[in-house]
Amino acid sequence: MKSPHLLLVFFLLSFSQLLFAQKSSLELVGKIIDEENQPLKGATVVVLNAADSIMVSFALSNKDGSFKFRRIPVGEYLLQVTFIGYKKISQELNIDQIDQETRDIGTILMEEQDLSLDEVAIEAEQTPILLKKDTVEYNAGSFKVQPNAAVEDLLRKLPGVEVERDGSVKAQGENVQKILVDGKEFFGDDPTIATKNLPADAVDKVQVFDKKSEMAEFSGIDDGERNKTINLKLKDGKKQGAFGKIRGGYGTEDRYEGNFNINRFSKKLQLSALGMFNNTNQQGFSFNDYIQFMGGLGNMMSSGGGGGGGGMSLSINGGGMGIPLGMNQANGFTTTNAGGINFNYDFNKKTEWQSSYFYNEVITDLDRSTNRQNFINDGDFFTEEKQLQESRSKNHRFNFNLKHKIDSSQNLIFRGNIGFNDGSVMNNSERLTLNTERNPENNSLRDNTSEGNQLNLSGTLIYRKRFQKKGRTFSTSLSVSDRDNDQEAFINSINSFFDPNPLFAFVDTVNQSQFQNTKTTNYNLRLNYTEPLSKGLYLGLSASHRNNQYDLIRDVFDFDLRNLDPWVRNEILSNFYDSDYRYNRFGTDLRVNKKKHTMSIGVDGQQSSLKGTPGNTGLPINQEFYALLPKMNWNWDIATAENLSFNYRTNLREPSLEQLQPIVDNSDPLSIYEGNPNLRPEYSHNASLHYMKYDQFSFTSFMVMVNATYTQFKITNARFVDSLFRQITSPVNVDNDLRVTTYLNFSTPIKPLGIKIGLNGNVTAMRSFLFLNEVENLVNRLNSSVGLRIDNRNKDVIDISVGATFGHNLTDYSVSSELNRTFLNQSYNATLILNLGKSWNVETDIDYNIYTDDEFGQQSIPLWRASISRFILKNNRGQLKLSAFDMLQRNLGFSRNSNFNYIEEISTATLSRYFLLSFTYSLSRVGLKSEGQGGGFIMH
């Protein structure tokens, strides 16, 4: 335990020494005014290295026109001042010795620019940071990055932009939802695909702005929806040839990694190919690529609606995580082979095509142990499970988006998706159930296999029309989807039930084959119309019809050698189920659009019906529901980068197919799940308040959010545990379910110390109902966490950060108060990156997690990684890298969870210490102006 603490102390000491080493006593001050002697607020002032125009420091003028730089070392620089509508100022700045605390460079007079706005933007092309009306534009060439750096490495250098440890991006204090390349989507909606795969040296400009919704951009009526977006403008030279990277590596323990990305862009074309293969548990391109597979075959290994785990359920939309896909380095042993192509093409000014194709193959081996404490009304019991599992999955997904501009007032959009998944799971597990006195009650040995495939088709056609009268618009959309899922499973289990009296002990065996086909067909037709009533005031009308149809057939056969044909149909478990859920919705809303305010308030009326035809398990279902669904949205742009918004929505959510189907899932005979065809739709009220402020002068951001959801007819699970400790779970409706979440984030630089600190905290309070053996328990949960992160600001040579997070979880039961539980999680992390000249790079980081619980005790897991890189070949296009993973040999897939009526501890064997040597090569088309050479596409 001592070594991780010593490592953290080392990081902290190094951090403090580096901070003070970077301090300088020189302070540079000045003032900016216009021709009328008035101060200019928000002018961009930068100090550039005279040799290569790399930005050294950056500031914005305050409301009195003043600006200030700290810690300017000896050197020759260029001082540059820009402001939209004014001529750019450039002057030499020579600091030959630091013999004074402050240097005042005086007042800088800026003259108005007569050129148009477009011409001003061109003139300011080499300005490191340019503030436009609603966009912050960074000149990528002014920010130094290492050779072979990816876009995310460039983003780390930009003031006001942060890249989290998981690769997610924040800009101006908000999460970035989209990253565009030359204004177009790149491999769908996942921002990390662009940031992790595109090379930084291909980017000319990075533009950060708030993107309005598609409908608001078309109609001109602001609906208050905003998505923080980054647009990567590529260099013109990169649009004349291909560029990218190829990487391969091999290491100890037969570990290997390989990936590539190749890009070919032009004014009309965007063509990119990505690929990866490894057995080091590295995640694929996007978690979204696996979602559809998880919804299908993945749930064949779910725990039967929250039972004992390790089952082979044939359910379609269960709550289990599904096939483990090795999304991190703490989840078994995963081999991944994946590839994708992104193809965007502008046929002409009116027609655009965007498409992407993904292929993923994932093979995962799990060796997992689960200890669970289960709570029942008169005490508790324990389960101990060991599980060996091998899963294989293959996923193909093709997406496309066709946009056609009919004329200046109307357009068509056609979106489609085709997905095909197939896979298999082999699961061998043993589970022991112990009573309160820790005496054995039952034991289950299971050897289950399953395989299946799923075809998904979906498409949406959208038509929009803008009329001559400003604000009058009409739009309609038609969406259709079809999913066909075939699954086959073989269930083999031996279940032993113990008793002090041998006469009452017995063994039950299950040997079955199960076949299931599920077909889901959905369509949705929607109409929208807006009518201007006066300036900034609009009336909205909407109507929609939706139909969801589910058809399920399940055949179960028992293996019985006493018959001529050993496979005998099980008439009780074999079944079919058809359901049809329809709704009609009509709504109206009043919209107010002002310069700084937008508001929408309205109500929808919905009539819905649910019809079901169970096979041999009950009478037909015919239910009808009526509901009023009020809604409200209010957005106030208080100032630049300061916003307050309130949103209120009501919604009806119908039960899932698994929850409705009256079919028994016995894949785990000790934990059975059965649907409930009499479920009502959930009716929820959701309200959220969000405040965000970003100060572009001090780079301080503050964000607070409160979200509350109250649900009537909430669908939850009722569980019954019999005298043999067999569990039967079924969904039921309950009233008065409440969830309230508060989140806060604060970030600010401390300029005298040269650091940036970030604080975040969240509190989630939940009130729900739990039914155990027909007794209702009111369950209150309180989850809270607080985190701190410290980074240095000047990352050209040294990039160092330290952080800590503390999480507390509390669960309280109204009836069984003796079952109340609390546990604490702690997480510490530190990262150090050294860029030693132009040829060497050293990186190291450590994560130290501590789990504390009264029942399971304390578990501590340190994970230390390190690497050293050497850049070689012409223009540093080659990179040799030696990496070390889990240097302390302490890695363990570990988690603790509190859910429903249990707490559990899960341990999974996973990758331990290994070393890997890799080589990365940058591909580039020479003959570009930036290269200064002639020729075609070659490898340097």
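Residues numbered from 1 in each chain as written. Predicted model: local features only at pLDDT ≥ 70, side-chain atom pairs only at ≥ 80, totals over all residues. Heavy atoms only, no water.

> Describe in detail the overall build of the chain, supporting the description with residues and values.
The secondary structure content of the chain amounts to seven helices and 50 strands. The buried share of the chain, taken over its 940 residues, is 51%. Look at the contacts in the chain between residues 6 or more apart in sequence, and 65% of them connect residues 24 or more apart. Entry remark: accessible area of the chain is about 42,300 Å², with carbon and sulfur atoms responsible for 55%. (Helix = DSSP H or I, 4+ residues; strand = E, 2+ residues; numbered from the N terminus. Buried < 20%, exposed > 50% of the residue type's maximum accessible area, 1.4 Å probe, protein only. Contact = heavy atoms within 4.5 Å. Areas by Shrake-Rupley, 256 points an atom, 1.4 Å probe, with all protein chains shown as cover.)

> Before we move on, can you summarise the side chain of Asp886 with the specific residues and values?
Here Asp886 lies in the loop between β46 (878–885) and β47 (893–899). Summary of buried charges: Asp886 has no salt-bridge partner, and the nearest side chain of opposite charge, Arg913, is 6.9 Å away. One polar contact links Asp886 to Ser912, side chain to side chain, over a distance of 3.1 Å. Aside from chain neighbours lying at most four places away, what touches Asp886 is Pro862, Leu863, Trp864, Arg865, Asn891, Leu911, Ser912 and Arg913. (Lys, Arg positive; Asp, Glu negative; His and termini not counted. Salt bridge = Lys/Arg side-chain N within 4 Å of Asp/Glu carboxyl O. Polar contact = N/O pair within 3.5 Å; in protein donor to acceptor, adjacent residues only side chain to side chain.)

> How would you summarise the sheet that holds strand β6 (residues 89–95) if you had to cite specific residues and measurements?
Read across the sheet, four strands follow the order β3-β2-β5-β6 without closing on themselves; strand pairing throughout is antiparallel. Every interior strand has two partners, whereas the edge strands, β3 (55–60) and β6, have only one. Strand-to-strand twist in this sheet, taken as the mean axis angle between neighbours without regard to direction, amounts to 20°. Note that strand β2 (residues 44–49) and strand β5 (residues 75–82) share six bridges and pair antiparallel. In the strand pairing of β5, Thr44 is matched with Thr82. (Pairing = 2+ DSSP bridges. Axes fitted to C-alpha atoms, helices over the stretch in contact; angles between N-to-C directions.)

> Pulling in residues and values, what's your account of unusual backbone geometry?
One non-glycine residue with positive phi stands out, namely Phe713, at about 60°. Topologically, Phe713 is positioned in the loop between β36 (700–712) and β37 (714–721). By relative accessible area, Phe713 is classed as partly exposed at 23%. Despite not being glycine, Asn875 has its phi angle at roughly 60°, a positive value. Looking at the secondary structure, you find Asn875 in the loop between β45 (857–872) and β46. Looking at Asn875, the relative accessible area reads 48%, which means it is partly exposed.

> Which residues make up the packing of aromatic side chains, and what values do they have?
The final tally for this structure, using the stated rule, is 20 aromatic pairs. Ring geometry for Phe83 versus Tyr86: centroids 5.6 Å apart, planes at 65°, classification edge-to-face. A relative accessible area of 16% means that Tyr86 is categorised as buried. Aromatic side chains Phe497 and Phe506 sit 4.7 Å apart centroid to centroid with 20° between the ring planes, which places their arrangement in the stacked category. The class of Phe497 is buried, set by a relative accessible area of 3%. Residue Phe506 is classed as partly exposed on the basis of its relative accessible area, which comes to 37%. (Phe/Tyr/Trp six-rings, centres within 6.5 Å; stacked < 30°, edge-to-face > 60°.)

> Can you tell me about the nonpolar core, naming the residues and giving the values?
One broad rule of soluble globular proteins: the nonpolar side chains tend to lie buried together. Of all hydrophobic cores here, the largest spans 45 residues; its most connected members are Tyr138, Leu155, Val206 and Ile230. In contact with Val206, not counting residues within four places along its chain, are Val136, Glu137, Tyr138, Leu154, Leu155, Leu158, Ile230, Asn231 and Leu232. With 20 residues, the next largest nonpolar core counts Leu26, Leu28, Ile32 and Ala43 among its residues. (Core = buried A, V, L, I, M, F, W, Y, C linked by side-chain atoms within 4.5 Å.)

> Kindly report on the pairing of strand β32 (residues 642–653), identifying the contributing residues and their values.
Sheet topology places strand β31 (residues 621–639) next to β32; eight bridges connect them, and they run antiparallel. Its bridge partner being in β32, Trp636 is matched across the sheet by Leu644. Counted between consecutive antiparallel strands, the loop separating β31 from β32 contains two residues, among which Ala641 sits at a positive phi close to 60°. Relative to strand β35 (residues 682–695), β32 runs antiparallel, the two being bridged by 12 bridges. Residue pairing across strands places Leu652 opposite Tyr683, the latter belonging to β35.

> Just give me the short version of the sheet that holds strand β1 (residues 27–33), but keep the residues and values in it.
Strand order in the open sheet formed by three strands is β4-β1-β7, with mixed pairing between adjacent strands. In this open sheet, the two strands that pair with only one neighbour each are β4 (66–70) and β7 (102–109). Adjacent strand axes in the sheet meet at a mean angle of 15°, parallel and antiparallel pairs treated alike.

> If you had to explain the pattern of salt bridges to someone new, which residues and values would you point to?
Two side chains with opposite charge may pair up if their charged atoms get near one another. The full count for this structure, using the stated rule, is 29 salt bridges. Across the pair Glu682 and Arg653 runs a salt bridge, and its minimum N-O distance is 3.1 Å. Placement of Glu682 in strand β35 and of Arg653 in strand β32 is noted, with a sequence separation of 29 residues between them.

> Tell me about the environment of Leu917, residues and numbers included.
Mapped onto the secondary structure, Leu917 falls in strand β49 (residues 914–925). Linking Leu917 and Tyr250, residues 667 residues apart in sequence, is a C-alpha distance of 5.7 Å. Among residues more than four places away in sequence, those in contact with Leu917 are Gly248, Gly249, Tyr250, Lys881 and Leu882.

> Talk me through the confidence of the model for the chain; I want residue IDs and the actual numbers.
The predicted coordinates ought not to be read in detail in places where the model reports low pLDDT. Mean pLDDT over the chain: 82, with 87% of residues reaching 70 or higher. Here strand β50 (residues 937–938) stands out as the element of the chain with the lowest mean pLDDT, 30, in contrast to β46, whose mean of 95 is the highest. Overall, residues 16–24 carries pLDDT values under 50, and its contacts beyond four positions in sequence, including any with other chains, amount to 15 contacts. For the stretch residues 116–125, pLDDT sits under 50, and the model shows 10 contacts to residues farther than four places along the chain or on other chains. (pLDDT = per-residue confidence, 0-100.)

> Provide a residue-level description of a nonpolar patch on the surface, including the pertinent values.
Side chains of Leu836, Trp840, Ile868, Leu873, Leu880, Leu882, Phe915, Leu917 and Phe919 sit close together on the surface and give an oily, nonpolar patch of about 780 Å² of accessible area. At the level of secondary structure, the elements contributing two or more residues to the nonpolar patch comprise β46 and β49. It is β49 that contributes the most residues to the nonpolar patch, three residues altogether. (Patch = residues over 30% accessible without salt bridge, like charges linked within 9 Å, V, L, I, M, F, W, Y side chains within 5 Å.)

> Give a detailed account of the environment of Glu855, specifying residues and quantitative values.
Structurally, Glu855 can be placed in the loop between β44 (840–853) and β45. For Glu855, a relative accessible area of 29% translates into the label partly exposed. Between the C-alpha atom of Glu855 and that of Ile903, which follows or precedes it by 48 residues, the distance is 9.1 Å. Excluding its chain neighbours within four sequence positions, the residues that come into contact with Glu855 are Gln373, Phe382, Arg438 and Ile903.

> Lay out the environment of Phe414 with the relevant residues and their values.
For Phe414, the location among the structural elements is in strand β23 (residues 410–434). A C-alpha to C-alpha distance of 6.6 Å links Phe414 and Lys403, two positions 11 residues apart in sequence. Not counting residues up to four positions away in its chain, the partners in contact with Phe414 are Phe400, Asn401, Leu402, Gly459, Thr460 and Leu461.

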